[in-house]
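The chain contents come next:
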Amino acid sequence: MTTINRILVAIADPSSRQQPALGKGVQLARRTGAEVEVFHCMFNPYVQGERIYGSRGAARDIEALIEITRHRLEQRAVAVAGSDLRMRVSVRWDYPAHEGIVRQALRHRADIVVTESHRHRRVARLFLSNTDWQLIRLCPVPLLLVKSPRAWTSAKVLAAIDPLHAHAKPSALDPRILKVGAQLARAFGSQLHAVHAHVPLMGYTTGPMTEPLPYRITGREARAYAKRVRKGVTAETRRFALSERRVHVVEGEPVRALPRMARRLGAQIVVMGAVSRSGLKRLFIGNTAERVIDALSCDVCVVKPPGFRTPVPARPHHLPVMIPPL
């Protein structure tokens, strides 16, 4: 994402009066001059079913539903954005919703996807039953999850990096996080900060039952490790011309340390990376990125490593009723 030219705002409920994702997408468009596409992915299994048809047949009933929804969504969009933005409204019959959103982003070459997110229970994250968590895994372009309904003011941006790759992140991901963060900060005339959270260094020895036992390392070893961490963070942020006061190295688990730093700085957007993993691997080792996102109260922009290819197919293979695109 070198520039933001096309913004896809994915709306979950077109009938809702409160549309924070739409408001944030419009605000970003005004700052960047980008075109906005307001999009809703809809599907009704009763209409789609093979046995249940309206008086005009399934295809025509679906077309009517799409047109009614599009008209309602257009009214919402105009009420929020006015008529001076480059904006279009589209509705497609697709399922599941996260795949429909990814397909639309690819279809229209979106540079960023903006959607609303809510806090989820742990079990929902583990089994990926929510659209936003699926998008975290599968969306190939930067994904801006709107968690706060408040409009951005200074939009101070915090980039969360991991130069030591403690969580098996690809080495090219941190520069991408910083690049997207710098772009968002520049759009709002704001500051980019970078943070790296690391757990204290521990030593391990073999116990009587051959199990590893932790022990406290010496002060010298701790200082040498802290120096190495700082050196890695500085090397990663140097080309983005971040002053020392805008580069933060904090000790602690990222799930607690990153939200604490975001609150301390008054960050309105946190940019971080996510790596798609298989279900079983996620289940056993967890996903730090998703836990941090759930803990943050500000908006979050999630980016993938360069070269990431989404496994979402270009065409839905589960919809027997063919609907002309609108």
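Residues numbered from 1 in each chain as written. Predicted model: local features only at pLDDT ≥ 70, side-chain atom pairs only at ≥ 80, totals over all residues. Heavy atoms only, no water.

Some details on a positive patch on the surface
A surface patch of like charges, here positive, comprises Arg256, Arg260, Arg263 and Arg291. If one sorts the elements of the positive patch by residue count, helix H9 (residues 254-265) sits on top with three residues. In this fold, Arg263 is placed in helix H9. Residue classification places Arg263 among the exposed residues on the basis of a relative accessible area of 56%. (Patch = residues over 30% accessible without salt bridge, like charges linked within 9 Å, V, L, I, M, F, W, Y side chains within 5 Å. Areas by Shrake-Rupley, 256 points an atom, 1.4 Å probe, with all protein chains shown as cover. Salt bridge = Lys/Arg side-chain N within 4 Å of Asp/Glu carboxyl O. Lys, Arg positive; Asp, Glu negative; His and termini not counted. Charge placed at Lys NZ, Arg CZ, Asp CG, Glu CD. Helix = DSSP H or I, 4+ residues; strand = E, 2+ residues; numbered from the N terminus. Buried < 20%, exposed > 50% of the residue type's maximum accessible area, 1.4 Å probe, protein only.)

Re the packing of helix H4 (residues 97-107) against helix H6 (residues 131-138)
Contact geometry of H4 with H6 gives a least axis separation of 9 Å together with a crossing angle of 45°. Classified by the angle between their axes, H4 and H6 sit oblique to one another. Note on packing geometry: the crossing formed by H4 with H6 is right-handed. Residue-level contacts link Ala97, His98, Ile101 and Val102 of H4 to Thr131, Gln134, Leu135 and Leu138 of H6. Residue composition of the contact of H4 with H6, grouped by class: five nonpolar, three polar and no charged. (Axes fitted to C-alpha atoms, helices over the stretch in contact; angles between N-to-C directions. Parallel < 35°, antiparallel > 145°, perpendicular 65-115°, else oblique. Left-handed = near helix turned anticlockwise from the far one by under 90°. Contact = heavy atoms within 4.5 Å. Nonpolar A, V, L, I, M, F, W, Y, C, P; charged D, E, K, R; others polar.)

A look at the packing of aromatic side chains
The final tally for this structure, using the stated rule, is three aromatic pairs. Here the aromatic rings of Phe43 and Tyr95 are separated by 4.9 Å at their centres, their planes lie at 35°, and the arrangement is tilted. Residue Phe43 is found in the loop between strand E2 (35-42) and helix H2 (45-48), and its partner Tyr95 is found in the loop between strand E3 (87-93) and H4; the two are separated by 52 residues along the sequence. Their ring planes at 75° and their centres at 5.1 Å tell us that Trp152 and Phe188 sit as a pair that is edge-to-face. Of this pair, Trp152 sits in the loop between strand E5 (143-146) and strand E6 (157-160) while Phe188 sits in the loop between helix H7 (173-187) and strand E7 (192-198), placing them 36 residues apart in sequence. Here Trp152 and Phe188 have matching classes, each one buried. (Phe/Tyr/Trp six-rings, centres within 6.5 Å; stacked < 30°, edge-to-face > 60°.)

Concerning the sheet that holds strand E1 (residues 6-10)
Taking strand neighbours across the sheet as the criterion, the ten strands line up as E3-E2-E1-E4-E5-E12-E11-E6-E7-E10 in an open arrangement whose pairing is mixed. This sheet does not close on itself; its edge strands, each paired only once, are E3 and strand E10 (247-251). The sheet shows a mean angle of 25° between the axes of neighbouring strands, direction not considered. Bridging between strand E4 (residues 112-116) and E5 involves four bridges; their strand directions are parallel. Its bridge partner lying in E5, Val114 is registered against Leu144. Its contacts with the sheet put helix H1 (residues 20-32) on E1, E2, E4, E5 and strand E12 (299-303), and the angle it makes with E1 is roughly 170°. Along the sheet, helix H8 (residues 219-237) contacts E7 and E10; its crossing angle with E10, the most-contacted strand, is approximately 150°. (Pairing = 2+ DSSP bridges.)

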